[in-house]
Amino acid sequence: MPYRDKNGRLCGYLEMETDQTQWARRFLILDGPLLRIYRREPKNTEQEGEFVVSINTKYVTKIAVCQVRPKKQFCFEIGTPQKTHYFEAESQSEMDEWREALKQATVPKRVGSSRQGGKTTSTVSTDSAYSDGKKADLNYQTKVVGGVVVRTPILRSGAEETEEPLSSRSELGLGRRPDGLRIIKAGYCVKQGAKMKNWKQRYFVLDPVHFSYYKSPSDKEAIRSVPVNDIKNAKQMIGFQNKHNLFQVETPSRTFFIQAESDEELQEWLRALSSTITGHQGQSAAPSDCTQTAADGEKT
């Protein structure tokens, strides 16, 4: 059973999936925003530095009862943009205690709220938000819906307010690119590399002319910029490499596989891409294909 140590941290053993066929017993310590995972219970401070995995909860996008491991009775999952981690508890109450504690660690401290367009938005402290080693001056909108934690940067403090909807601003609150093009949608996603097939976090920006991605919002030059009129379709991918919230963007030269931070973000990207592609095709062209695609139907 999980317990609280003298520092108030939740601790205990869980079964953890180490690959798609193997499970191993691991010791977990939830220390503030950090979930550290050990092969065995550390006996001193020095051993606490020898963790196997450390998950920063500020990057967690999903905490939910697992539906894809039916043989595991009390199984739950922790999703991050890079990977989904699966754990099995010994009882329902034990699983619920870990899930609740993780959700509490994931939701930042509220410091205020405001109303915008008839909706209430909570702003939160950002002491642990960093970009390139420097503190990022951001406010966040955080929701926990059905076990899914969704955290969206909404506006840099001190940035000038615009009349555009939040979904059309970049992470740093800018409604337009330096060249004057309106930003339709922007935000962090994780994409698969073309050669190594590894997954890396990138900052994506969609404007009426280009679909581009950068290492960070502060970069002036895009790593790659794809003309919108070269995009054939944007589709959700189901069951591809066990990735959640995944979609593909197909062009004549390459198909991009991109993972959004949440299902809400995924649907926003698909709607934004579909409407932008359709606008380029013109009124007489067929609408852009923006449907779900099974993994065995992927195009390369």
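Treat the numbers as computed from the prediction; the structure is a model and nothing was measured. (Residues numbered from 1 in each chain as written. Predicted model: local features only at pLDDT ≥ 70, side-chain atom pairs only at ≥ 80, totals over all residues. Heavy atoms only, no water.)

Visitor: Explain the pattern of salt bridges to me, please; I cannot follow it from the model alone.
Guide: Should the charged atoms of two oppositely charged side chains come close, the side chains can pair. Scanning the entire structure with this criterion turns up 10 salt bridges. In this structure, the salt-bridge partner of Arg 36 is Asp 31, at a minimum N-O distance of 3.1 Å. The class of Asp 31 is partly exposed, set by a relative accessible area of 27%. For Glu 250, the salt bridge goes to Lys 232, with nearest N and O atoms at 3.7 Å. (Salt bridge = Lys/Arg side-chain N within 4 Å of Asp/Glu carboxyl O. Buried < 20%, exposed > 50% of the residue type's maximum accessible area, 1.4 Å probe, protein only.)

Visitor: Just checking my understanding: could you explain the environment of Tyr 86 for this structure?
Guide: Locating Tyr 86 in the fold gives a position in strand 8 (residues 84-88). Sequence-distant contacts of Tyr 86, that is, excluding residues within four places in its chain, are made with Glu 15, Met 16, Glu 17, Trp 23, Cys 66, Val 68, Arg 69, Cys 75, Phe 76, Glu 77, Asn 242 and His 244. (Helix = DSSP H or I, 4+ residues; strand = E, 2+ residues; numbered from the N terminus. Contact = heavy atoms within 4.5 Å.)

Visitor: Looking at this model, I keep getting lost on the pairing of strand 8. Mind explaining?
Guide: Each regular strand displays side chains that alternate between the two surfaces of the sheet. Where burial is concerned, most of strand 8 is hidden: five out of the five residues are buried. Of the two faces of strand 8, both are covered, the one formed by Thr 84, Tyr 86 and Glu 88 as well as the one formed by His 85 and Phe 87. Here two bridges tie strand 2 (residues 10-17) to strand 8, and the two strands are oriented antiparallel to one another. In the strand pairing of strand 8, Met 16 is matched with Phe 87. Taken together, the five bridges between strand 7 (residues 75-79) and strand 8 define a ladder with antiparallel strand orientation. (Pairing = 2+ DSSP bridges.)

Visitor: What should I look at first to understand the side chain of Ser 216 in this one?
Guide: Checked against the element boundaries, Ser 216 lands in the loop between strand 17 (210-214) and strand 18 (224-227). Take Ser 216: its relative accessible area is 3%, and that puts it in the buried class. Side-chain polar atoms of Ser 216 contact the side chain of Ser 218, separated by 3.0 Å. (Polar contact = N/O pair within 3.5 Å; in protein donor to acceptor, adjacent residues only side chain to side chain.)

Visitor: What am I meant to see in unusual backbone geometry here?
Guide: A negative phi angle is the norm for most residues apart from glycine, just as the trans form is the norm for most peptide bonds. Positive phi, normally seen in glycine, also occurs at Lys 197, with a value near 65°. Looking at where Lys 197 falls in the secondary structure, it is placed in the loop between strand 15 (185-192) and strand 16 (199-206). Lys 197 sits in the partly exposed class, given a relative accessible area of 47%.

Visitor: Help me understand the packing of aromatic side chains, please; the structure alone is not making it clear to me.
Guide: Ring pairs (aromatic) are described by centroid distance and by the angle formed between their planes. Evaluation of the coordinates by the stated rule reveals 10 aromatic pairs. Note on Phe 240 and Phe 257: the rings are 4.7 Å apart at their centroids and 15° apart in plane angle, and the pair reads as stacked. Within this pair, whereas Phe 240 is found in the loop between strand 19 (233-238) and strand 20 (246-250), its partner Phe 257 is found in strand 21 (residues 255-259), the two being separated by 17 residues in sequence. Neither Phe 240 nor Phe 257 differs from the other in exposure class; each is buried. Through successive ring pairs, a cluster of aromatic residues spans Phe 204, Phe 211, Tyr 213, Phe 256 and Trp 269. Above the face of the Tyr 86 ring, Arg 69 is positioned so that its terminal group lies 4.2 Å from the ring centre. Looking at Lys 72, its charged tip hangs above the ring of Trp 23, at a distance of 4.6 Å from the centre. (Phe/Tyr/Trp six-rings, centres within 6.5 Å; stacked < 30°, edge-to-face > 60°. Lys NZ or Arg CZ within 6 Å of the ring centre and 35° of its normal.)

Visitor: Looking at this model, I keep getting lost on the pairing of strand 2. Mind explaining?
Guide: Most of strand 2 sits out of view: six of its eight residues are buried. Pairing analysis gives two bridges linking strand 1 (residues 3-4) to strand 2, with the strands arranged antiparallel. When the bridges of strand 2 are listed, Arg 4 appears paired with Leu 10. The loop that links strand 1 with its antiparallel partner strand 2 comprises five residues; one of these, Gly 8, has a positive phi angle of about 80°. Sheet topology note: the strand 2/strand 3 (residues 23-31) ladder contains eight bridges and is antiparallel. Across the sheet, residue Cys 11 finds its bridge partner in strand 3, namely Ile 29.

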